[in-house]
Amino acid sequence: GWPIAVDTFRMRCAAQPEFPPSSIGEVYVQPHGVFAEFVEGEILSALGEDEQEFLIRTSFLEYFNSDVARAVSGREDCWQILEGLLRRGLLDQSEDETYHCHRLLRLILEQKLRRRGSVHLSRLRKLAAESLSAQGALKRALQCAAPAGDVGFCTRLFLDAGGILIGLGEGL
């Protein structure tokens, strides 16, 4: 199922080099498209509600660590969900302890998240940014927070981290 879908996507990208994979990916995962229906029927329906919610809430993040996952999911036991999703092959883990979800699956999940409204997504972005900032990852925190559109929040993150001195050192 899932490996075949990913291989089909790769072949389609190779056959159409004039289109970037991101544009093909967005067409490929339209809400009522074959691939989206496959993901709903074969992948998401096999997951528990907690796992589905976790994937949806983290879908706006290209990659994340367990601290960010805890902040965004609101679950202290998120490591158990992470382990389960790793076992199912729905997440990959890098050597630096970061996780990521396959881009096609993430696009479908992110569509579900966006249907919940921009206020909900902005709140999740801020939670992730606060976690990243607490870990000393100011640049990633600001990249995560900026799309939320809250200039005051971004300014606070920047100033709390050391302001202009940090900005100069980080190349911001």
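Quick note: structure is the one above.
Report follows, based on the coordinates. All of these numbers come straight from a predicted model, not from anything done at the bench.

For any two helices packed against each other, one specifies the crossing angle of their axes together with the interaxial distance. For the pair helix H4 (residues 49-58) and helix H5 (residues 66-73), interaxial distance at closest approach is 9 Å and the crossing angle is 105 degrees. The orientation of H4 relative to H5 falls into the category roughly perpendicular. Listed contacts from H5 to Phe-54, Arg-57 and Thr-58 of H4 are Ala-69, Val-72 and Ser-73. Its residues assigned to classes, the contact of H4 with H5 shows three nonpolar, two polar and one charged.

Core analysis: the largest hydrophobic core is formed by 39 residues, its most contacted members being Phe-54, Leu-55, Phe-60, Phe-64 and Leu-91. Apart from residues lying up to four places away in sequence, Phe-60 is in contact with Val-72, Arg-106, Glu-110, Leu-113, Leu-121, Leu-124, Arg-125, Ala-128 and Cys-144.

Right, let's talk about H4 for a bit. Taken together, the buried positions of H4 are occupied by Glu-51, Phe-54, Leu-55, Ile-56, Arg-57 and Thr-58. Along its buried surface, H4 packs onto H5, helix H6 (78-87), strand S1 (91-93), strand S2 (99-101), helix H7 (103-114) and helix H8 (118-134).

Moving on, we get to the pattern of salt bridges. Tallied over the entire structure, the rule returns eleven salt bridges. Among the salt bridges present, the one from Arg-116 reaches Glu-53, with a minimum N-O distance of 2.8 Å. Linking Arg-116 in the loop between H7 and H8 with Glu-53 in helix H4, this pair joins segments that are 63 residues apart in sequence. Using a relative accessible area of 37% as the deciding quantity, one classes Arg-116 as partly exposed. Among the salt bridges present, the one from Arg-114 reaches Glu-110, with a minimum N-O distance of 2.8 Å. Remark: Glu-110 and Arg-114 occur in helix H7; sequence separation between them is four residues, near one turn of the helix. Among the residues examined, Arg-114 registers a relative accessible area of 46% and is labelled partly exposed. Taking the relative accessible area as the measure of exposure, Glu-110 reaches 13% and is therefore buried. The network of salt bridges with shared partners includes Asp-50, Arg-75 and Asp-77.

Take the layout of surface pockets next. The computed volume of the largest pocket comes to approximately 190 Å³. Around the largest pocket, the lining residues are Phe-60, Leu-61, Glu-62, Tyr-63, Arg-125, Leu-132, Arg-140, Gln-143, Cys-144 and Pro-147. Put simply, the parts of the chain that give the lining of the largest pocket at least two residues each are H8 and helix H9 (138-145). The leading source of residues in the lining of the largest pocket is H9, at three residues. Here the lining of the largest pocket is composed, by residue class, of six nonpolar, one polar and three charged.

Calculation criteria
- Positions within a chain are numbered from 1, following the residues in the order the chain's sequence is written.
- The model is predicted, so local features are restricted to residues of pLDDT at least 70 and side-chain atom pairs to those at 80 or more, both for listing and for counting; the totals for chains, interfaces and linings are taken over all residues.
- Computation of side-chain values covers all heavy atoms of the structure but excludes hydrogens and water.
- Interaxial angles span 0 to 180 degrees and are taken between N-to-C directions of axes, which are lines fitted to C-alpha atoms, for helices over the stretch in contact.
- Secondary structure elements follow DSSP: runs of H or I no shorter than four residues count as helices, runs of E no shorter than two count as strands, and numbering proceeds from the N terminus.
- In this scheme, roughly parallel covers angles under 35 degrees and roughly antiparallel covers those over 145, while 65 to 115 is roughly perpendicular and the rest are oblique.
- A contact between two residues is defined here by any heavy atoms of the two lying within 4.5 Å.
- Note on residue categories: nonpolar means Ala, Val, Leu, Ile, Met, Phe, Trp, Tyr, Cys or Pro, charged means Asp, Glu, Lys or Arg, and polar means any other residue, Gly included.
- Only buried residues count toward a nonpolar core, which is a set of Ala, Val, Leu, Ile, Met, Phe, Trp, Tyr and Cys residues joined through side-chain atoms within 4.5 Å.
- Exposed residues in this analysis have more than 50% of their type's maximum accessible area, buried residues have under 20%, and partly exposed residues fall in between, with area computed by a 1.4 Å probe over protein chains only.
- By convention in these notes, a salt bridge is any Lys or Arg side-chain nitrogen within 4 Å of a carboxyl oxygen on Asp or Glu.
- Each cavity reported here is a set of points on a 1 Å grid over the protein atoms alone in which a 1.4 Å probe fits but cannot get out, each pocket an open set with protein on both sides within 12 Å along at least five of seven lines, and each lining residue one with an atom within 4 Å of a point.
- Grid points are joined across faces, edges and corners, and a volume is the space filled by probe spheres set on the points.

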